[in-house]
Amino acid sequence: MSRVSPIPLTLGDVTNALEAYFRPLGLEIYPFKVGWYNEAVSTAFMLPFNDNTIAFVIISSPSMFERAFIPYLKENLVEIAGRNKSRDPLDSALSYHFQSAKRLFPSEDIDVIQDFEILPSKRPKILVQTAAHIAGASFYYQKKDAEKVHDEECCEIGNNSSGRPETGAAMEGGGKKNNMDSNQAEKTCSCAVPWESKERIFGVCIHPKYGGWFAIRGVMIFQNLRGDIQRRDPIDCVASRRSRIELLNRFNRNWRDGSYRDIIPVIERYSELQIKYFNTEPKDRHTLLTDTYST
Ligand code: B12
């Protein structure tokens, strides 16, 4: 008797099944091709898969805490209380859901990589911010993005109606004339470098609906899945140079006050309990949870 091979899954099947699993948990999925990610990162961070391999980046919206984490916690409280406290219970809850989602596709080869996973070289296995950007989920603002954009209040170069440097064809077509090309503009802008050139400024992703009130939890890579997906640029919701500098300063210098999260108006924020959870030292989070839920 000949064996019948399973019908290959389509991108549509996979997307629908993942959506149906993750959305009720406050988790959102965004597909991308591995090649898009590998084009952005340096060799040390590249993923060892064909460029056309389909992957999904998964982000948590503010409601994930109540929709996915608290129910997981209530189910597993005894186990969590007695467990080695080196692992954050939130990471465990998300691992549980990633593995459950993986089991929806028993015939697929799927690599799940979570945000906290580290290579033997001590580098992160996946740069989730880059993945979120190239998948169109959230714009990743890096130091170089704040240095490159000029706006009306920035300097003479930015003194045009579009809020962008006037260069090339746009200048020739009309508007305020400025005889500098873009390279010259970058070099001569007196305010082009807001930080010391060697200062390490960490980048941050901002989501158009949740601002900074979200996290990027990991990726699922479907090794044998191919499909036609259109690349979508992330929404540039922190568009002016001034606001990007403000964002990066808040994220790097005052991240504990959480004000970077409100750099744009948002539709939803973390609950008080969630804020308290993240403000608690990781080593004390187990106790916070067991105290809150065992009574
Ligand atoms: C290590 C780490 C830290 C370290 C170092 C920070 C850092 N960014 O390096 C420390 C402990 C300091 C830290 C602290 C915090 N972290 Co942290 N951290 C990470 C972690 C695990 C890895 C980051 C990393 O090592 N990057 C390596 C460097 C080299 O990457 P990179 O600078 O982005 O460079 C790449 C890009 O530039 C790319 N690239 C090049 N050109 C281009 C062009 C484009 C267009 C694009 C898109 C990319 C791209 O190529 C480069 C690599 O070759 C990530 C999770 C993850 N797995 O990604 C969370 C993460 C960055 N942290 C996060 C947060 C929230 C924090 C904290 C606020 C604490 C907290 N957890 O609440 C603080 C605040 C930061 C601060 N002010 O100190 C969030 C940020 C969320 C967001 N909205 O962006 C992340 C993404 C975790 C998550 N799950 O959401 N963190």
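Structural data are supplied above this passage.
Just so we're clear, the structure is a prediction, and the values are computed from it rather than from any experiment. (Residues numbered from 1 in each chain as written. Predicted model: local features only at pLDDT ≥ 70, side-chain atom pairs only at ≥ 80, totals over all residues.)

Enquirer: Give me the pairing of strand β6 (residues 215-222): which residues, what numbers.
Expert: For β6, the tally of buried residues reaches 8 of 8 residues, placing the bulk of the element in the interior. Bridge count for strand β2 (residues 54-60) against β6 is 7 bridges, and the pairing is antiparallel. Opposite Ser 60, over in β6, you have Ala 215 as the bridge partner. Judged from the 5 bridges that link them, strand β3 (residues 110-114) and β6 form a sheet pairing that is antiparallel. Along β6, the bridge assignment pairs Asp 111 with Ile 221. (Buried ≥ 20, exposed ≤ 12 C-beta atoms within 10 Å, placed from the backbone. Helix = DSSP H or I, 4+ residues; strand = E, 2+ residues; numbered from the N terminus. Pairing = 2+ DSSP bridges.)

Enquirer: Give a description of helix α1 (residues 11-22) that names residues and reports values.
Expert: Its 12 residues place the ends of α1 16 Å apart at the C-alpha level, agreeing with the 16 Å of an ideal helix rising 1.5 Å per residue. Those residues of α1 not exposed but buried are Val 14, Leu 18 and Phe 22. When α1 is viewed along its axis, its buried side chains cluster within an angular range of 45° and face the same direction. In α1, the exposed positions angled more than 90 degrees off the buried face are occupied by Gly 12, Asn 16 and Ala 20. Elements that come into contact with the buried residues of α1 comprise β1 (27-33), β2, α4 (89-102) and β6. (Expected span 1.5 Å × (residues − 1). Arc of directions from axis to C-beta. Contact = placed C-beta atoms within 7 Å.)

Enquirer: Can you break down unusual backbone geometry residue by residue, with the values?
Expert: What you tend to see is this: most non-glycine residues have negative phi, and most peptide bonds are trans. Of note, Lys 122 is a non-glycine position whose phi angle comes to about 75°, a positive value. With respect to the secondary-structure elements, Lys 122 resides in the loop between β3 and α5 (128-134).

Enquirer: Report on the site of the ligand, specifying residues and quantitative values.
Expert: In the vicinity of the ligand, 26 residues are found, and the nearest of them are Ser 42, Asp 115, His 133, Cys 205 and Ala 215. Looking at the shell around the ligand, the elements that each hand over two or more residues are α5, β5 (204-206), β6 and α9 (241-253). In terms of residue count, α5 provides more of the shell around the ligand than any other element does, 5 residues in total. In terms of residue class, the shell around the ligand is built from 17 nonpolar, 8 polar and 1 charged. (Near = placed C-beta within 6 Å. Nonpolar A, V, L, I, M, F, W, Y, C, P; charged D, E, K, R; others polar.)

Enquirer: I'd like a description of the pairing of β2, backed by residues and values.
Expert: Most of β2 sits inside the fold, with 7 of its 7 residues counted as buried. The two faces of β2 match: Ile 54, Phe 56, Ile 58 and Ser 60 on one face and Ala 55, Val 57 and Ile 59 on the other face are all buried. Relative to β2, β1 runs antiparallel, the two sharing 7 bridges. Bridged to Leu 27 within β2 is Ser 60.

Enquirer: Requested: an account of the sheet that holds β2, with residues and values cited.
Expert: With antiparallel pairing, the 4 strands of this open sheet are ordered in space as β1-β2-β6-β3. Each edge of the open sheet carries a strand with a single partner, namely β1 and β3. Neighbouring strand axes in the sheet, compared pairwise and without regard to direction, differ in orientation by 20° on average. Against the sheet, α1 engages β1, β2 and β6, with an angle of about 155° to β1. Of the strands in this sheet, β3 and β6 are in contact with α4, which crosses β3 at around 165°. (Axes fitted to C-alpha atoms, helices over the stretch in contact; angles between N-to-C directions.)

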